[in-house]
Amino acid sequence: MKKIFLFLIFTFFVSCSASKEKSFLPEVVSPDVYDVLLENEDVKVLGVTFPPGKGDNMHDHNPITFYVLQGGKGQVTLPDGSVNEREVPTGFVGHNRERQRHQVKNIGQDTLKFIIIEHKNLKTVSAAQEKLTLPEEVSPKVYKVLLENDDVKVVEVVFEPGESDKMHQHGAMTFYGVKGGKLQSTLPDGTVNKNEVPDGFTGHRNTITTHQMKNVGEEEVKVIIVEHKYLSPTKNN
């Protein structure tokens, strides 16, 4: 009987702890600001929108990489009450490998929009990684590295109508379509696929991707890719 009682007490505290942890998820405490676009065992991708004057509730983040879709002026309040204000431009990209708790408010006149990639399994990579054919090296006109460190590489991809790149490779990656369109993918074996992708399309791959891409539509296509150096991709196309 005593063992059963202790088990029930333990279960109660674990349940309370899990509930408390969940209560500080941004999409739970501020669902009108944070929208989960994709989530798996490795990452969570959040679409974040702050209209002018809008603030969220105090919340937590895992280590994050972020990209500013629409800039403006934001205010960040920390748990100790300290306040920081900052003007963030459109296209700004950043990375924080520490867990953090804060509250954010838009104190500008324009709507603030972000994409946040939360890293669930961020760790130091000790083993040497396979050498890949990097897109920014073979097609520098299309691929621009915005940020690179020991954890991630953030790449901006812009295809003008009719433009294509050269055959290249990606490691484990998360991607977000800032501006969609019609894309054609050619694999090493000659297989060709065409897809119409919408604005805001989001995806994640844990494989080594080898392909050549072409914009076969009539509008510019823009994609942000976050490659994860700490994940070990499997070989695949």
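Reference entry: report on the structure contained in this document. Quick caveat: nothing in here was measured; it's all calculated off a predicted structure.

**Re the overall build of the protein**
Here's step 1: Helices and strands together make up the secondary structure of the protein, namely three helices and 19 strands.
Here's step 2: Residue burial in the protein is summarised as follows: out of 237 residues, 43% are buried.
Here's step 3: Across the protein, contacts joining residues at least 24 apart in sequence account for 76% of those joining residues at least 6 apart.
Here's step 4: On the protein, roughly 13000 Å² of surface is accessible, and the fraction owed to carbon and sulfur atoms is 53%.

**Observations regarding the packing of aromatic side chains**
Here's step 1: Applying the stated criterion to the full structure yields four aromatic pairs.
Here's step 2: The interplanar angle of 55° and the centroid separation of 6.3 Å between the aromatic rings of Phe-175 and Phe-201 together place this pair among those described as tilted. Placement of Phe-175 in strand S13 (residues 173–179) and of Phe-201 in the loop between strand S15 (192–197) and strand S16 (202–205) is noted, with a sequence separation of 26 residues between them.
Here's step 3: The residue whose ring lies beneath Arg-101 is Phe-24, and the NZ or CZ to ring-centre distance is 4.0 Å.

**Thoughts on the pairing of S13**
Here's step 1: Pairing analysis gives four bridges linking S13 to S16, with the strands arranged antiparallel. Across the sheet, the residue bridging to Tyr-176 is Thr-202, located in S16.
Here's step 2: Direction of pairing for S13 relative to strand S18 (residues 221–228): antiparallel, over a ladder of six bridges. When the sheet's bridge partners are listed, Tyr-176 is paired in S18 with Ile-224.

**Regarding the environment of Phe-201**
Here's step 1: Here Phe-201 falls in the buried class, since its relative accessible area comes to 16%.
Here's step 2: The spacing of Phe-201 and Gly-177 is 24 residues in sequence and 5.0 Å in space, taken between C-alpha atoms.
Here's step 3: Every residue in contact with Phe-201, bar those within four places of it in the chain, is listed here: Phe-175, Tyr-176, Gly-177, Gly-180 and Val-223.

**Digging into the layout of surface pockets**
Here's step 1: In this structure, the largest pocket occupies an estimated 590 Å³ of space.
Here's step 2: Residue lining of the largest pocket: 25 residues in total, with Phe-66, Val-76, His-102, Val-104 and Phe-114 positioned closest to the centre.
Here's step 3: Looking at the lining of the largest pocket, the elements with two or more residues in it are strand S2 (43–50), strand S3 (59–61), strand S4 (64–70), strand S5 (72–77), strand S6 (83–88), strand S7 (93–96), strand S8 (100–106) and strand S9 (112–119).
Here's step 4: A total of four residues in the lining of the largest pocket trace back to one element, the largest contributor, which is S6.
Here's step 5: Considering only residue class, the lining of the largest pocket consists of 14 nonpolar, nine polar and two charged.

**A closer look at the nonpolar core**
Here's step 1: In this structure, Ile-117 and Val-154 are the most contacted members of the largest nonpolar core, which totals 17 residues.
Here's step 2: Mapped by element, the contributors of at least two residues to this core are S2, S9, strand S11 (152–159) and S18.
Here's step 3: Sequence-distant contacts of Val-154, that is, excluding residues within four places in its chain, are made with Thr-65, Val-93, Lys-144, Val-145, Leu-146, Leu-147, Ile-224, Ile-225 and Val-226.
Here's step 4: Residues Val-155, Val-197, Phe-201 and Ile-225 belong to the second largest nonpolar core, which totals 13 residues.

**Observations regarding the sheet that holds S13**
Here's step 1: Taken in spatial order, the five strands line up as S10-S11-S18-S13-S16 in an open sheet, and their pairing is antiparallel. The two strands at the open ends of the sheet, each matched to only one other strand, are strand S10 (143–148) and S16. Looking at each pair of strands side by side, their axes are set apart by 20° on average, direction ignored.
Here's step 2: Two strands pair when backbone bridges link them, and S10 and S11 are joined in this way by five bridges, in the antiparallel orientation. Within the sheet, the bridge partner assigned to Val-145 lies in S11 and is Val-155.

**Focus on the sheet that holds S2**
Here's step 1: Reading across from one edge, S1-S2-S9-S4-S7 is the order of the five strands in this open sheet, with antiparallel pairing throughout. In this open sheet, the two strands that pair with only one neighbour each are strand S1 (34–39) and S7. Strand-to-strand twist of the sheet, defined as the mean angle between neighbouring strand axes without regard to direction, takes the value 20°.
Here's step 2: In this structure, S2 lies alongside S9, joined through eight bridges in antiparallel fashion. Each bridged residue has a counterpart across the sheet, and for Thr-49 the counterpart in S9 is Lys-113.

Here is what the cut-offs are and how they apply
Residues numbered from 1 in each chain as written. Predicted model: local features only at pLDDT ≥ 70, side-chain atom pairs only at ≥ 80, totals over all residues. Heavy atoms only, no water. Helix = DSSP H or I, 4+ residues; strand = E, 2+ residues; numbered from the N terminus. Buried < 20%, exposed > 50% of the residue type's maximum accessible area, 1.4 Å probe, protein only. Contact = heavy atoms within 4.5 Å. Areas by Shrake-Rupley, 256 points an atom, 1.4 Å probe, with all protein chains shown as cover. Phe/Tyr/Trp six-rings, centres within 6.5 Å; stacked < 30°, edge-to-face > 60°. Lys NZ or Arg CZ within 6 Å of the ring centre and 35° of its normal. Pairing = 2+ DSSP bridges. 1 Å grid on protein atoms, 1.4 Å probe; cavity = no way out; pocket = protein on both sides within 12 Å on 5 of 7 lines; lining within 4 Å. Points joined across faces, edges and corners; volume = space filled by probe spheres on them. Nonpolar A, V, L, I, M, F, W, Y, C, P; charged D, E, K, R; others polar. Core = buried A, V, L, I, M, F, W, Y, C linked by side-chain atoms within 4.5 Å. Axes fitted to C-alpha atoms, helices over the stretch in contact; angles between N-to-C directions.

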